[in-house]
Amino acid sequence: MSNIFCLSAGLQEEDRFTASLKYVIDNYPEIGQKLSNYLLSSSNHKNAKFIRSTDHPSGTAEDKPDFLLECDTIDIICEHKINSPLGKRQLERYLELPRTKPFLLALISNGICKVSKEVINHERYIYPLDSDIRHFSWQSIYPLIQSNGNRLISDFLEYMRTLSMKPIELDSWRDLFDHK
């Protein structure tokens, strides 16, 4: 039987992954809650009740973030990177997007991205405080998604593995992607 996440959908890799993540969260909202809790608690913010996710939420004509985790008290705008660099002042522009609800911005990548000091020091930008890397990694998020024998989740985890999002299982280098 085919893995629906590995079929070509005519989208670029990053957009296909984002649409797939939304599909999984729509079917299993507890994953949206786990992801929200992880992003918030890792950056020393209070957890909030997850409401819904949005693939490419509204922005401006030039700036369209990848993903939104909407919570009861705060929104988390997520920029996804899969083997690609940040655009020129991309995060800086996202931090200035007009929004009616308080929001935070998180960058999640399967590699290391250079984030400007201006962004790192911005009150709305979040990153894991226990890491030397100033953004979140897909390798750290992968363990939050548990299959428990569920075919859809197992297929999604396999899809993430094909995108180099599964952490390397080396006990002595457990934090390889979190520290220089």
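As a reminder, the structure under discussion sits directly above these lines.
So, here is what we can say about the structure in this document. In this text, all values refer to a predicted model and were calculated from it rather than measured experimentally.

**Some details on the overall build of the protein**
- Secondary structure summary: the protein contains 6 helices and 6 strands in total.
- Across the protein, helices and strands are ordered from the amino to the carboxyl terminus as α-α-β-β-β-α-β-α-β-β-α-α.
- Long-range pairs, those at least 24 residues apart, make up 60% of the contacts in the protein between residues at least 6 apart in sequence.
- As presented, the protein carries roughly 9,700 Å² of accessible surface, and 50% of it is formed by carbon and sulfur atoms.

**A closer look at the layout of surface pockets**
- One number sums up the size of the largest pocket: a volume of about 180 Å³.
- If you trace the largest pocket, you find 10 residues lining it, with Cys113, Val115, Ile120, Asp132 and Arg134 closest to the centre.
- For the lining of the largest pocket, a count of residues per class yields 5 nonpolar, no polar and 5 charged.

**A word on empty space enclosed by the protein**
- Enumeration according to the criterion identifies 2 cavities of 30 Å³ or more in this entry.
- By volume, the largest cavity is sized at about 50 Å³.
- Lining the largest cavity are Phe17, Leu21, Ile31, Lys34, Leu35, Trp138, Ile141, Leu144, Ile145 and Met160.
- Of all elements in the fold, only helix 1 (13-27), helix 2 (29-42) and helix 5 (138-141) reach the threshold of two or more residues within the lining of the largest cavity.
- Among the elements that line the lining of the largest cavity, the one with the most residues is helix 2, at 3 residues.
- For the lining of the largest cavity, a count of residues per class yields 9 nonpolar, no polar and 1 charged.

Reading the values: the criteria
- The residue numbers shown here count from 1 along each chain, following its written sequence.
- Since the coordinates come from a predicted model, pLDDT governs what is reported: local features require at least 70, and pairs of side-chain atoms require 80 or more to be given and counted, while whole-chain, interface and lining totals use all residues.
- As a rule here, side-chain values cover all heavy atoms of the structure and leave hydrogens and water aside.
- Where helices and strands are cited, they refer to DSSP runs of H or I of at least four residues and of E of at least two residues respectively, numbered from the N terminus.
- Residues count as neighbours in contact if any of their non-hydrogen atoms are within 4.5 Å of one another.
- Here the open area of atoms and residues is found with the Shrake-Rupley method and a 1.4 Å probe, where only the protein chains shown may cover a residue.
- Buried and open spaces are told apart on a 1 Å grid over the protein atoms alone, a cavity being a set of points where a 1.4 Å probe fits but cannot get out and a pocket being an open set with protein on both sides within 12 Å along at least five of seven lines. Residues with an atom within 4 Å of a point are the lining residues.
- Grid points are joined across faces, edges and corners, and a volume is the space filled by probe spheres set on the points.
- Gly counts as polar in this scheme, as do all residues outside two lists: the nonpolar Ala, Val, Leu, Ile, Met, Phe, Trp, Tyr, Cys and Pro, and the charged Asp, Glu, Lys and Arg.

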